[in-house]
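# Examination of the molecular architecture
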Amino acid sequence: MSEKKMTDSGIDIKTCYTNEDLANLMLSNDLPGRFPYTRGVQPDMYRGKLWTMRQYAGFSTAEESNKRYHYLLSQGVMGLSVAFDLPTQIGYDSDHPLAEGEVGKVGVAIDSLADMEKLFQGIQLEQVSTSMTINATGFVLLAMYVALAKKQGADLHKIAGTIQNDILKEYAARGTYIYPPKPSMRIITDIFEWCSTSLPKWNTISISGYHIREAGSTAVQEIAFTLSNGKAYVEAALAKGLDINVFGKRLSFFFNAHNNLFEEVAKFRAARKMWAKIMKDLGATDEKAMMLRFHTQTGGATLTAQQPLNNISRVTIQTLAAVLGGTQSLHTNGYDEALSLPTEEAARIALRTQQIVAYESGAPDTVDPLAGSYFVESLTAEVEQKAWALMDKITAMGGSVSAIEQGFMQDEIARSAFEYQRNIESGQKIIVGVNKFTVDKETPVPGFKIDDSIRQLQSAALATLRANRNQSAVEQCLNAIKTAATGSANLMPLVVEAVEAYCTLGEIADVLRQVYGEHR
């Protein structure tokens, strides 16, 4: 009797799969580019256009991050992906007491439009697609990006990119929220509404399973919770009277890629099929509004501080999973990211991993190359079935917002994380270089460190900014936002005006704190 095997989601894996496993799956009509898009959202996928190769970068000051962006663009990156520091993510200026020790550490510090101008110095926004990993203050960063595009003389109808803007997963898994759920949902639907006419090529939300997985969920939980959150955003937009066939086309998703190659491919295929059905059931009739388009990032939680060069192999497997699963955009992690921010060398190797898969592996040469595999098709069906069962539980609770308020998602993720760690510690789950195949002495890897003086630089720049701007215009803009927040007017035009007057991110966030309070 062979040893029992399971995927990381606890799905039993048979010793051998045969044609009998496919008998009840009805695969014959499932073609790429056609509903329900299991096999991909484009009929020719990467033969028509490769996925967008992004590298997530942002650290220290806007000037330093700008240098890294120019370097990455010179190395063949197709789109930029901006990481923001913790104070920026939770709505504090760099000189706020709570920002101490965190300025410029996990991303770039952006306090005002002046920083955004430095961040994209020498980069024409019309010619690059930018993804911004920002949630609670996503509306402010988007306003700054728009204000900068206007200063460059860009056509806003040509500006392309994505803001993550997914607050529900912050309550469930990550924690960088500011306001309670209901006003947060109001801000998100304001963004949907405003972008539909003012910024039509912009992806207004990247509904994120990535951080749910990083917090310890399984692959099944990742798609079940993410699609449930996506459904909640769509229902909120419909309640506001927005057209699902318009805003539905600008929704995008953000998933994790882990090491269990076949389960990850099955996960991506199942997610596309499920989302198409969800959108159709909610009233979408336009095919593009039913398509699940997604960005993938390789698994940060899978990187090990022990024998860090092994992470290059892990990232390669995860890159293949994303490509074989049909991603539209991909970021690959640096091998040293369990130790520090990625060095320039690590970022380059990560990008080269994507390029080798794209140009040397043959993986992109045909659409959905694992389709028809007895194992992959069976696993896709099992992942889908288990994810629907979990979504049904959330629906019975009243949807994602209620499930989060009741702590259901948080408890499920914590339980999975505990079980995974217990399996590592018992040796049931092998992590190479951690609990097996270890070495007595590690070779040190040079890390990338951020100087604590960044906060002083940012604080001095803020003092200069406040001394030189038109203070009465600032107060007028902030009062207008406060008035609109107590009513139903769309906030976005007022926030754009405010950042153009050089109101700071912290000032705008604080005005809404006064109106909405903070989530506890």
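See the structure shown above.
Throughout what follows, the structure given in this document is the object of discussion. None of these values were measured; they are calculated from a predicted model.

## Some details on the pattern of salt bridges
- A complete count under the given rule lists 31 salt bridges for this structure.
- With its nearest N and O atoms 2.5 Å apart, the salt bridge here joins K14 to D21.
- Taking relative accessible area as the criterion, K14 reaches 43% and is therefore assigned partly exposed.
- Across the pair R513 and D510 runs a salt bridge whose closest N-O atoms are separated by 2.7 Å. One end of the pair is R513 and the other is D510, both in helix α20 (residues 505-516) and 3 residues apart, which spans about a single turn.
- By relative accessible area, which is 11% here, R513 ends up buried.
- What makes D510 partly exposed here is its relative accessible area of 31%.

## Description of the sheet that holds strand β11 (residues 329-331)
- Pairing is parallel across the open sheet formed by 9 strands, whose spatial order is β7-β6-β5-β4-β3-β11-β10-β9-β8. Across the chains shown, the open sheet's two edge strands, defined by having one partner strand only, are β7 (202-203) and β8 (205-208).
- Bridge count for strand β6 (residues 161-163) against β7 is 2 bridges, and the pairing is parallel. Across the sheet, T162 pairs through a bridge with N203, a residue of β7.
- Helix α1 (residues 62-74) contacts β3 (52-57) and β4 (79-83) of the sheet and is inclined by roughly 150° relative to β4.
- In the packing of helix α10 (residues 261-281) onto the sheet, the strands contacted are β9 (251-257) and β10 (294-298), and the crossing angle to β9 comes to about 160°.

## Focus on a nonpolar patch on the surface
- On the surface, I430, V432 and F437 cluster together into a nonpolar patch covering about 280 Å² of accessible area.
- Residue placement: I430 occurs in the loop between α16 (408-426) and α17 (454-468).

## Observations regarding the nonpolar core
- The biggest cluster of nonpolar side chains holds 139 residues, and the ones touching the most others in it are F120, M132 and I508.
- The residues contacting M132, other than those within four sequence positions of it, are V82, F84, M116, L141, L142, Y145, T162, I163, Q164 and W202.

## Quick word on the environment of Y233
- By the secondary structure assignment, Y233 is in helix α8 (residues 219-239).
- Classification of Y233 as buried rests on a relative accessible area of 1%.
- Counting along the chain gives 168 residues from Y233 to V401, while the straight-line C-alpha distance between them is 9.9 Å.
- Setting aside anything within four residues of it in sequence, one finds Y233 in contact with N165, D166, I167, L168, M185, I188, F192, I205 and I207.

## Things to note about the environment of A276
- Checked against the element boundaries, A276 lands in helix α10.
- A relative accessible area of 0% means that A276 is categorised as buried.

What counts, and where the lines are drawn
- Residues numbered from 1 in each chain as written.
- Predicted model: local features only at pLDDT ≥ 70, side-chain atom pairs only at ≥ 80, totals over all residues.
- Heavy atoms only, no water.
- Salt bridge = Lys/Arg side-chain N within 4 Å of Asp/Glu carboxyl O.
- Buried < 20%, exposed > 50% of the residue type's maximum accessible area, 1.4 Å probe, protein only.
- Helix = DSSP H or I, 4+ residues; strand = E, 2+ residues; numbered from the N terminus.
- Pairing = 2+ DSSP bridges.
- Contact = heavy atoms within 4.5 Å.
- Axes fitted to C-alpha atoms, helices over the stretch in contact; angles between N-to-C directions.
- Patch = residues over 30% accessible without salt bridge, like charges linked within 9 Å, V, L, I, M, F, W, Y side chains within 5 Å.
- Areas by Shrake-Rupley, 256 points an atom, 1.4 Å probe, with all protein chains shown as cover.
- Core = buried A, V, L, I, M, F, W, Y, C linked by side-chain atoms within 4.5 Å.

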